[in-house]
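Notes for the structure review
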Amino acid sequence: MKHLVKTILCGAAVMLTPMIAQAQTIGPKGEAATPSSEIVVSDSSAETLKNGNYTAALLWHDQSDFVNAVTAGATAEFERFGVEVVATTSAGFDAAKQRSDIETALTKKPSIILSLPLDPVTSAAAFKEAKDEGVKLVFLSNLPANYEHGTDYTTVATDDLFQMGKQAADALAASMEEKGTVGWIYHDADYYVTNQRDNAFKTTIENDYPNISIVAEQGISDPARAEEIANAMLLRNPDLGGIYVTWAGPAEGVLAALRANGNKTTKIVTLDLSEPVALDMVRGGNVAAIVADEAYELGRTMAAAAMLDLLDQDVPPFIVAPAVTVTADNVSEGWMQSLRVEAPESLR
Amino acid sequence: MSEQKNLLSLRNIHKAFGGVIAIQDFSLDLKAGEIVALVGDNGAGKSTLIKIISGVYTPTSGDIELDGEAISFRDASTARAKGIEVVYQDLALADQQPVFMNMFLGRELTKPPFGLLDKQRMREESQQLVDELDVRIPSAASTISELSGGQRQGIAIARATHWASKLVLLDEPTAALGVAETARVEDQIAKLKEKNLAILIISHSLDQVFKLSDRICVLRRGKQIGVRETKNTDKNEIVSMITGVA
Amino acid sequence: MVVYIGFIAIFLFFAVTLYDDGFLTQRNLTNILLQTAPATIMAIGLVFALSAGEIDLSFGSIVAVSALTVAVVLQDYPLIVGVAAGLGVGVAIGALNGVLVAYLKLPSFLVTLATMGLFAGIARSMTDLRSVPVMNETFTGIFGSGKLFSLPSLVIWTAIGVGVGHLVYRQTRFGAHVLATGDNPRAALVTGIKVARIRLYVLMISGFTAGMAGLLYAGRLQAAKYTLGESDLMTVIAAVIVGGTALNGGKGSIIGALLGSLLMGMLNNGLILMNLRVSDQMIVRGLIILLAVAVSLRDSKR
């Protein structure tokens, strides 16, 4: 459930986003996505950047292993080009604290700010001072209201949410040999991140896998209720081939339900890395795959985008970092690719 | 005592809590400048009587006259407004506040034009009061918690006498004090006579009662056993009145 | 008092170690004043509540409800109506706390623990978790980004709050009765102080200052959100205790609370400028607050 909170934050972006299921991830203002792999600072620019004595501040919304991985990716990329990180903060989801953090960081006159604005409305005034002072602003997932690409900010980066849902569908289909019945446990709230991911899963199954049918749909708003929901679903559909769970937290509850029923056949697929869920997968349990975002790459691309802007190069308005499908065969690699840390001991 | 009219008259006071009779048929007169001691065993009704006089309890029946005027107190503050003050066993002092604020607790002095506290005047008047009663404290600005038990008792007595225009009720004023401090507080009580106040004192110490009082009133199980002139009685008589053993 | 020494010590420490990082710049020092303004205003109300022997845990939720009320009302009504509504809900919630505590004789800890949750929920449901922008520029000027004689409005509000708070607390009969009520309620009662009414009033004051803090947040952020004030509970309690106010009543200081609040703001600011990792910022801040509270409480026991 490491992304739940991030997820909740991004909910505000929903207001700006058409809610129809897209065939790809689109930005807060409907921008087309540019893959993060296209955002590269050339080695030839290294000299210019180093001579610029540039500095950066990382002003996050909260602390989590996701934020740590983004920070690590950004810091490593900055280091390559001699950009010094002069402040790192966490607002703990407090909009007032985020405003204070921005003011405090500006004391150190950073050239770049990477940040996840807590929501479009409260962050508009909060980032105004930084914007007016010409700091290069690279945002994660959210965009302050009425900010213009190019003049006010550099870019918005986020996970490739559609890909995450699609890859979850592909992985579950593969584990079911592309036939059977599926239960869909989606996040029952107006939240940009989960809605995009959940709908991408559903769309993919419906469009790409004619022999798989979604026979049960159940929304969840409280992860603690996942076990009851899964129990009810299994009672009505005892021969479910697979279950999609919106993120890892509730997936743990679904797993508990399957174990309690002695069910060893129903496959589970979920999003975001979690040690207990991955452990079941490694031990050959119900979990078929976990789809994760490449948080480290997300951080790298944010840093790269900011530096490109410093070099007066064009940066596209909306960048997405890829998703990675983690199965029992590639847990160590998957963990490394997503978070750039070793997988937990139990999984290796 | 010179012949003068009674300051406080209690006539046939009854007090019952539900079916339990706490005080029955109690009558007593007090004159200004007179100290009357109220003695009796635990549960004899002394505290109930103090609470009736200070307005906390309303008597079930009976009359109270103050200065010849029939009165019935609705609560403690009306009694206070009539010039009756109580020195409680627990002293009722705010420990973390300075002496002068305690002296004027609930009746703080203010100054024009904004009605802010007149701390200087309260300090000066407090100093004067404690000096009069010879309560020796470092300063009127001292915090109560810095003072000894005797000093605190002195403050409580000084406060009561400052505000009492007629009657001071003292509930076990020296129960928690050592020998030297008790003697000092007794001196202070004796001085109150000079201010022409009537004083009703509850005490367990017969030595004290005989040292201070003009008359002694004995209660046993809510009944008034009798009132004696202190100079015309002795401890044996009082003890037998308290215990009921001849 | 300890808070003065601690304040000066930490200020000097940051002034020396963070000189090159701009700690002493006018901009940074102004930032600290602006950032702590709402917490300082909340702290004033809490000093009154604690001094009377009550605690208010609900003020953080009141901040959110008040800020959202102002933001919503200002969408359709003029400035004065919005301000009155924001402060009004603060006082009303404080009065609810106060009536339950003073007249139904429920412990303030439990009452305000419950209303904290209740109004946090109401704040969430008021706008369905949405943030509400504040477009009224007169409002955001007066309560947020404006200036008077080159003094930022938030600094002026802090000064007014501390000035009036200190005067009422130290120089009025009401202030004396608050202290007496917290110090020894029985003594207060027998000397004619209306103890129940004092308890009601201090919780109303705490509601009022929380409402005011909500206005300042709405002005500063030009928006209101249900999370406002949520994280201030611990900061404000710590600021007030470090500032020499007793948790169990009868003793306190408005000036101390101001310094305690500035101390907290200075810590947040300095530890970020030191470029510590976020976890380390939390650890160091926690240790310093622990030290300050311990020393402050030891000091007040003597």
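Just so we're clear, the structure is a prediction, and the values are computed from it rather than from any experiment.

**Observations regarding the interface of chain C and chain A**
Interface size is often expressed as the accessible area that is lost when the parts come together. On the chain A side, the residues contacting the 31 residues of chain C number 30 residues. Approximately 2500 Å² of surface area, both sides summed, lies buried where chain C meets chain A, with 50% of it carried by carbon and sulfur atoms. Inspection of the chain C/chain A interface yields five salt bridges. Taken together, chain C and chain A are joined by 20 residue pairs in polar contact (both at pLDDT 80 or more). Across the side of chain C that touches chain A, the residue classes tally to 13 nonpolar, 13 polar and five charged.

**Some words on the sheet that holds strand S6 (residues 155–159) of chain A**
Residue and element names in this part refer to chain A. If you walk across this open sheet you meet the seven strands as S1-S12-S6-S5-S4-S2-S3, and the pairing is parallel. The sheet is open, and its two edges are formed by strand S1 (34–35) and strand S3 (84–90), each paired on a single side. Direction of pairing for strand S2 (residues 55–60) relative to strand S4 (residues 112–115): parallel, over a ladder of four bridges. Each residue of the ladder has a partner; that of Ala56, found in S4, is Ile112. Contacts from helix H4 (residues 95–106) reach S2, S3 and S4 within the one sheet, and its direction differs from that of S2 by about 170 degrees.

**Section: helix H5 (residues 149–163) of chain B**
All names here are of chain B. Helix length check: H5, at 15 residues, gives a terminal C-alpha distance of 22 Å against a target of 21 Å (1.5 Å per residue), a fit within 8%. The buried fraction of H5 amounts to eleven of the 15 residues, a majority that puts the element mostly inside the structure. For H5, the set of buried residues is Gly150, Gln151, Gln153, Gly154, Ile155, Ala156, Ile157, Ala158, Arg159, Ala160 and Thr161. Buried positions along H5 lie against strand S6 (84–87), helix H3 (99–103), helix H4 (119–132), strand S9 (167–171) and helix H6 (179–192).

**Considerations on the nonpolar core**
Formed by 128 residues in total, the largest nonpolar core has its most connected members in Phe26(B), Leu167(B) and Phe139(C). Residue contributions to this core peak at 13 residues, all from helix H2 (residues 26–51) of chain C. Ignoring any residue separated from it by four or fewer positions in sequence, one finds Phe26(B) in contact with Leu10(B), Arg11(B), Asn12(B), Ile13(B), Leu38(B), Leu49(B), Cys217(B), Leu219(B) and Gln224(B). Ranked by size, the runner-up nonpolar core spans 69 residues in total, among them Ile112(A), Leu255(A), Ile290(A) and Leu310(A).

**A few points about the pairing of strand S4 (residues 61–66) of chain B**
All names here are of chain B. One ladder, built from five bridges, connects strand S1 (residues 8–17) with S4; its direction is antiparallel. In the sheet register, Leu8 faces S4, and the bridge partner there is Leu66. Note: S4 against strand S5 (residues 69–71), three bridges, orientation antiparallel. Within S5, the position partnered with Glu65 by the bridge is Ala70. In this antiparallel pair of consecutive strands, S4 and S5, the connection spans two residues, and Asp67 shows a positive phi of 55 degrees.

**Describing the confidence of the model for chain C**
All names here are of chain C. Within chain C, residue pLDDT values average 93, and 99% of them lie at 70 or more. Here helix H13 (residues 278–301) stands out as the element of chain C with the lowest mean pLDDT, 84, in contrast to helix H4 (residues 79–102), whose mean of 97 is the highest. Scored as a whole, the predicted complex attains pTM 0.86, and scored at its interfaces, ipTM 0.88.

**Some thoughts on the interface of chain C and chain B**
In this assembly, 20 residues from chain C lie in contact with 19 residues from chain B. Approximately 1700 Å² of surface area, both sides summed, lies buried where chain C meets chain B, with 51% of it carried by carbon and sulfur atoms. Taken together, the connections running from chain C to chain B amount to two salt bridges. One salt bridge in this structure joins Arg173(C) and Glu108(B), with 3.1 Å as the shortest N-O distance.

Quick notes on the rules
Residues numbered from 1 in each chain as written. Chains lettered and ligands numbered in written order. Predicted model: local features only at pLDDT ≥ 70, side-chain atom pairs only at ≥ 80, totals over all residues. Heavy atoms only, no water. Contact = heavy atoms within 4.5 Å. Buried area = accessible area lost by both parts, 1.4 Å probe. Salt bridge = Lys/Arg side-chain N within 4 Å of Asp/Glu carboxyl O. Polar contact = N/O pair within 3.5 Å; in protein donor to acceptor, adjacent residues only side chain to side chain. Nonpolar A, V, L, I, M, F, W, Y, C, P; charged D, E, K, R; others polar. Pairing = 2+ DSSP bridges. Helix = DSSP H or I, 4+ residues; strand = E, 2+ residues; numbered from the N terminus. Axes fitted to C-alpha atoms, helices over the stretch in contact; angles between N-to-C directions. Expected span 1.5 Å × (residues − 1). Buried < 20%, exposed > 50% of the residue type's maximum accessible area, 1.4 Å probe, protein only. Core = buried A, V, L, I, M, F, W, Y, C linked by side-chain atoms within 4.5 Å. pLDDT = per-residue confidence, 0-100.

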